Structures are given as C-alpha cells and as structure tokens.
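# Overview (structure and organization)
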Amino acid sequence: MEHQKPVIPGQPAKRGKTSNEQIKSMVAGDFESEEQKKIRNFIEQLRNLDVSFYAFRRDNFLKSPYSLVLPLPDQIVRYENMGNPVEGIDLGKVKHFSHDKMIQITSDFSENNYIRKSTFGRLFRGKIDEGSGMPPREVIVKRWDFLIPFNPTYGNYPVYYARQLEILLNPHVASHPRMAKLIGYCCDKMFALVFDVNLNLTVKDLIPRDNFTWSPRMKVARQVAETLRFFHGKQIALCNFTAPSISVDEDYNIQLFEFDRAANLASDNFPVLKTIVGGAYNYYSPEYLTLLEFRREWFFTSDVYAFGLLLLELTLAKCAVEERPVNFVEWAKIAFAKNERYDRFKMTIAVPQLLIFDLAMKCVQEDPKMRPHMDEIVMELDKLSQFKTENRGLLG
C-alpha cells in the first residue's frame, strides 16, 4: 500500500481544500449539539486569553529569587485586582475545578505531592474527596508554571493549553485505552489539568533496569506504536512524547498523559504551526534542529523519529535524555556495534534484537522521506513478536 510522501520542512506545504474542515471535524468529533458548540466557543476563548493575568501573580513572584531584591511589580498589583478573564465551565464530563479546589486537591501543591517537572510546569499527586464514606480518588495534576521574570514563551501557553484540551475532549481520543482519563481542569488563576491516573512508574524509570526484560520492553514498544498509529490516523501529531511522559502499570500497559505540544495536521505535507516544540532536546528530529528557530516545523515523520529513539532506548537500556549533548543515534550505533550493553549479561545479541535495532535505525534516518509510517512499524513489530527468545537476562 502506497503512502503519501511527506515533504522536508522548509519546502512549500500545500494544504488540501478541506483541511480546515478536517481539523474542525477531528477536534469537535463531528458534534452538532448546542453543548458542543458552547464547549468549542469556550476553548476558543481560552486560546485567545491574555496570559498576563496568569503570569503576573503574587505567588509566581514569591517563588522567584528576584523577590528577595525587587519590590512587587506594578503589573501584579494591577492584575490581581482584576477578575478572572474567563469563567470556567464543565466540558461534558470533564469538570471545572476552582483555584481553591485545586489548592485543596494538592494540599497547596506541597512538596510532598510533587512528582517532577513537565514540559511547561510540574506534576503533582492529589486526592479528590468522593464523599459518602468512599475513599478519596488519587489523581495526577499537571500545572502550568509562570515564573517571574516573564518568559516570552508564556505567551503561547493559552494556545497549547486549549489545544491539549481539544485533543483530550475528542471522544475518539478520550476512549482510547492508552490515554489517561481527563476528569477536570482549571482556568481560575492558573492552568491545570486533572487526570485519573496512578503515576507509579514511567518508561524512563524502567529502561535501565535489568529486570525489565525483553518481552515487556517489546510490549511497551508495540503499545506506543499502536497509539501513535491511532493518533496519526486522527491527524494528530504528539510532537514531544518521550520516555518520561509514558506511564506504565504493573502489567507493563502504558498510558499517555503528557503531550503538551500535540497538534492537528491536515496531512503529511501540512506541518504543525511553526514553533519551538519544547521538551527533551535529544528527541528532536535532525530536520527540526537544522532549521532556523522561527522556521522549525514538526511533521508526522518527526513523531516517527522520536519513536525510533524510544526503540533504541528500549534496546540498549539507556535513556536519550541522559546523553545530552551527545548525538544519541551515533552513540547507539557505536554501543550496539561494541555490544557493550549485552556484555553485561554475558550473552550474544539474538535475531529479534538485531531486527528491532534495524527498525529503529530506519525510523531515525536523517531523510524524513525515508522513514516508515506508523502502520508499517506496527506491522513490522507484529512480525518480530513471532520470534521466540530464551530467558537470558535482557532477552527474557
């Protein structure tokens, strides 16, 4: 089956006549109800918000070292006296939580609830009181941070926030088994999302572990590939998914919850809005990094490159983010040739590992036109899963 070949970023991108309609259809899920129109109008309001109201807040200033030497900026006084620029509403089953409710859920975003940094802020654990003698629901809260001094990238936060809400509210996406369930959000003095997910481990945590054997590694790879194929089929590019952004349960089933730069594409030839993607530097495709900053574009083939890096990480038990600023692909070639990782387990590289490494290298080719599509990758992984390996360390 032939596929439309993507163009290299920098070449003219031709949009189909129905591209706008495709995007609207994908985002809205083809709903025509008044409720969905209301939701779409609300998200458009979020997209066009003046970020100054959220950035110039007293608590943001007090977290900055500048607060020790500088007086309270006049902008903070002015914006704190203003009302919230948009009134939050329930988005179907996704509830709007007030600022006070978010403080309650996270114990005022306490250090005890802090998990780690995310692309635009931090992740926290939280608990929601279910009432009626029920145990509290454990959740993950993703908060966007606005720290002073003001960063010019903050101006794009409303766009990214609205875009992620659009995608998470899409019924096809929301019902996908590999997607963390969004149960709430907040636009009252802060941007935050609330997920019904128990974040115990990420793929990054598991990659270097010797007891993370070959079979579960390939299970994770297959599920990530299938999820990417699903998103690409819905004309969505995830843009910056990485090993730290993939949650894994005790049975090695994945859940995605952090893809802050995900965007809608009309076709392989129509890139994401030219912008800095953010996130892990080593997951960027070479064509993205070689362009001038203001011309950088992200394509479906850029997602394929990131997936290829994930395959290399799973195969070599090494995280790309730990190799910065080393070129991880070049490092992987040398490491695999020397068989360094596998010497630790005193074994030889079996056929499946060689074929997986070969597939990974196809995904990370410098020429994006030569990279396989995700449906081809899923088919190849299915073929490779038929190989049987002995229980020998990493190959278990």
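Residue indices follow the written sequence of each chain, beginning from 1 at its first position. Local features are withheld for residues below a pLDDT of 70 in this predicted model, meaning they are given only at 70 or higher, and side-chain atom pairs are given and counted only at 80 or more; totals for whole chains, interfaces and linings count all residues. Heavy atoms throughout the structure, all of them, feed into the side-chain values; hydrogens and water do not.

## Quick word on the packing of aromatic side chains
Any pair of Phe, Tyr and Trp rings, taking the six-membered ring for Trp, is counted once the centres come within 6.5 Å. Such a pair is stacked with planes under 30 degrees apart, edge-to-face with planes over 60 apart, and tilted for the rest. As enumerated under the stated definition, the model contains 18 aromatic pairs in all. Arranged with centres 5.3 Å apart and planes meeting at 5°, the rings of Phe120 and Tyr160 form a pair that is stacked. Placement of the pair is Phe120 in the loop between β2 (114-117) and β3 (121-128) and Tyr160 in helix α7 (residues 157-169), with a sequence separation of 40 residues. One exposure class covers both Phe120 and Tyr160, and it is buried. Here, a charge over a ring means that NZ of Lys or CZ of Arg falls within 6 Å of the ring centre while also lying within 35 degrees of the ring normal. Across from the ring centre of Phe53, 4.8 Å away, lies the NZ or CZ of Arg57, which sits over that ring. Here the guanidinium or amino end of Arg143 rests over the ring plane of Phe109, the centre of that ring lying 4.5 Å away. By definition, any uninterrupted DSSP run of H or I lasting at least four residues is a helix, any uninterrupted run of E lasting at least two residues is a strand, and each is numbered from the N terminus. When a residue's accessible area, from a 1.4 Å probe over protein chains only, is under 20% of the maximum for its type it is buried; when over 50% it is exposed; and in between it is partly exposed.

## Describing the sheet that holds strand β7 (residues 201-202)
If you trace the 3 strands from one edge of the open sheet to the other, you get β7-β9-β10, paired in antiparallel fashion. Across the chains shown, the open sheet's two edge strands, defined by having one partner strand only, are β7 and β10 (254-256). When strand β9 (residues 246-248) meets β10, the two strands line up antiparallel, connected through 3 bridges. By the bridge assignment for β10, Val248 is matched with Ile254. Here helix α10 (residues 214-233) sits on the sheet and contacts β9 and β10; the angle it forms with β10, its principal contact strand, is near 35°. By the convention used here, strands pair only if DSSP detects at least 2 bridges between them. The contact criterion used throughout is that any non-hydrogen atoms of two residues lie within 4.5 Å. Axes here refer to lines fitted to C-alpha atoms; in helices the fit is confined to the stretch in contact. Angles between the N-to-C directions go from 0 to 180 degrees.

## Notes on the sheet that holds β2
Spatial ordering of the open sheet is given by β1-β5-β6-β4-β3-β2, a layout of 6 strands whose pairing is mixed. Both edges of this open sheet fall to β1 (95-96) and β2, since each of them pairs with a single strand only. For strand β4 (residues 137-144) and strand β6 (residues 192-196), the ladder comprises 4 bridges, and the chain directions are antiparallel. When the sheet's bridge partners are listed, Val141 is paired in β6 with Val194. The strands touched by helix α6 (residues 99-106) are β3, β4, β5 (181-186) and β6; relative to β3, the strand with the most contacts, the crossing angle is about 80°.

## Considering helix α12 (residues 300-316)
With 17 residues, α12 should reach 24 Å at 1.5 Å per residue; the first-to-last C-alpha distance of 25 Å fits that figure. Along α12, 17 of the 17 residues are buried, which leaves the element largely enclosed by surrounding structure. Phi turns positive, to about 55°, at Ala317, one or two residues after α12. One less than the residue count of a helix, multiplied by 1.5 Å, gives the span that helix is expected to have.

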